[in-house]
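Survey of secondary and tertiary structure
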Amino acid sequence: MSTEALKQAIRDVPDFPKPGIMFKDITPILSDPKLFQSAIDVLCERLREREIDKIAAIDARGFLFAGAMAHQLGIGLVPIRKKGKLPYKTHEETYDLEYGTATLTVHQDAFEDGKNIALVDDVLATGGTAAASAKLIERAGGTVQSIDFLIELSFLGGRDKIAGYDIFSAIVF
Ligand code: AMP
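The text that follows walks through the structure, step by step, so that each part is easy to find. (Residues numbered from 1 in each chain as written. Predicted model: local features only at pLDDT ≥ 70, side-chain atom pairs only at ≥ 80, totals over all residues. Heavy atoms only, no water.)

**A look at the packing of aromatic side chains**
Scanning the model with the defined rule gives two aromatic pairs in all. A ring pair is formed by F16 and F23, whose centres lie 5.1 Å apart and whose planes are at 85°; its orientation type is edge-to-face. Ring geometry for F36 versus F65: centroids 6.0 Å apart, planes at 80°, classification edge-to-face. Of this pair, F36 sits in helix α3 (residues 33-48) while F65 sits in helix α4 (residues 61-73), placing them 29 residues apart in sequence. Lying across the ring of F173, K7 places its NZ or CZ 5.1 Å from the centre. (Phe/Tyr/Trp six-rings, centres within 6.5 Å; stacked < 30°, edge-to-face > 60°. Helix = DSSP H or I, 4+ residues; strand = E, 2+ residues; numbered from the N terminus. Lys NZ or Arg CZ within 6 Å of the ring centre and 35° of its normal.)

**So, α3**
For α3, spanning 16 residues, the distance from its first C-alpha to its last is 22 Å, which sits close to the expected 22 Å at 1.5 Å a residue. Those residues of α3 lying buried are L35, S38, A39, I40, V42, L43, C44, R46 and L47. One side-chain oxygen at the N-terminal end of α3 lies 2.9 Å from the backbone nitrogen of K34; it belongs to D32. (Expected span 1.5 Å × (residues − 1). Buried < 20%, exposed > 50% of the residue type's maximum accessible area, 1.4 Å probe, protein only. Polar contact = N/O pair within 3.5 Å; in protein donor to acceptor, adjacent residues only side chain to side chain.)

**Examining the site of the ligand**
For the ligand, the set of nearby residues contains 13 residues, the closest of which are D121, D122, T126, G127 and T129. A distance of 2.6 Å separates an oxygen atom of the ligand from a polar atom in the side chain of T129. Across the complex, the protein chains shield 83% of the 490 Å² of accessible surface that the ligand would expose by itself. Sorting the residues of the shell around the ligand by element identifies β2 (22-25), β7 (116-124) and α5 (128-139) as the ones contributing at least two each. Considering only residue class, the shell around the ligand consists of five nonpolar, four polar and four charged. (Near = heavy atom within 4 Å. Areas by Shrake-Rupley, 256 points an atom, 1.4 Å probe, with all protein chains shown as cover. Nonpolar A, V, L, I, M, F, W, Y, C, P; charged D, E, K, R; others polar.)

**Looking at the sheet that holds β7**
Read from one edge of the open sheet, seven strands run β5-β6-β4-β3-β7-β8-β9, paired in mixed fashion. Edge positions in the open sheet fall to β5 (90-96) and β9 (167-172), since each of these has one partner strand only. Strand-to-strand twist across the sheet, computed as the mean angle between neighbouring axes with direction ignored, equals 20°. Pairing analysis gives eight bridges linking β7 to strand β8 (residues 143-152), with the strands arranged parallel. By the bridge assignment, I117 is partnered in β8 with V144. Packed on one face of the sheet, α3 meets β7, β8 and β9 and runs near 155° to β8. Running at roughly 155° to β5, α5 makes contact with β3 (54-58), β4 (76-82), β5, β6 (101-107), β7 and β8 of the sheet. (Pairing = 2+ DSSP bridges. Axes fitted to C-alpha atoms, helices over the stretch in contact; angles between N-to-C directions. Contact = heavy atoms within 4.5 Å.)

**What about the nonpolar core?**
Counting 29 residues, the largest nonpolar core has I29, I55, M69 and L150 as the members making the most contacts within it. Looking at this core, the elements with two or more residues in it are α1 (3-9), α3, β3, α4, β7, β8 and β9. The dominant element in this core, judged by the number of residues it contributes, is α3, at seven residues. The contact partners of M69, leaving out residues within four places of it in the chain, are I40, L43, C44, L47, I55 and V120. (Core = buried A, V, L, I, M, F, W, Y, C linked by side-chain atoms within 4.5 Å.)

**Description of unusual backbone geometry**
Leaving glycine out, the prevailing phi sign among residues is negative, and the prevailing peptide bond configuration is trans. Note the cis peptide between F16 and P17, where omega equals -5°. One can find P17 in the loop between β1 (11-14) and β2. Geometrically, the link from D59 to A60 is a cis peptide bond, its omega value of -5° lying close to zero. Mapped onto the secondary structure, A60 falls in the loop between β3 and α4.

Following this line, the structure appears as structure tokens:
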């Protein structure tokens, strides 16, 4: 199956969650077994050629893809979560959003048994979330070998915030 079929399946929802945002709804991909399998395949293909020890997944839609990817690749998964959700000792990274700030966290010992990390999320928009997540991985002693997205909104220029990393997007708008 081509990535064009995946692209066609993404539903544009205008003005969600705020006026002016065109939300890329990935639920039609999740609910179709062939499309979901194809999305996981295309995201895993590149990582198979690399020596990745673990996937770090971004809260919350990143989890939906990263869990299936980790299973297919036979490696572990580390959740990067919004502040207040992880139970053990954490590192924190606060970053700017369009309005206000957000804080992401990771367990301090998350990468002790595997340091080569692929960071996964559903959408690359302005890049702030991925940049903060990459910093967290590094603070916890991991090395970011790859940053992988199902969708990139290239007109928002998010790649600039994670320049220097090896970045892959399966679908580009
Ligand atoms: P950013 O930090 O701007 O790159 O935003 C990335 C995060 O926000 C990702 O975790 C996405 O799930 C979500 N996101 C941002 N913009 C959109 C959008 N237009 N459609 C769907 N998700 C989005």
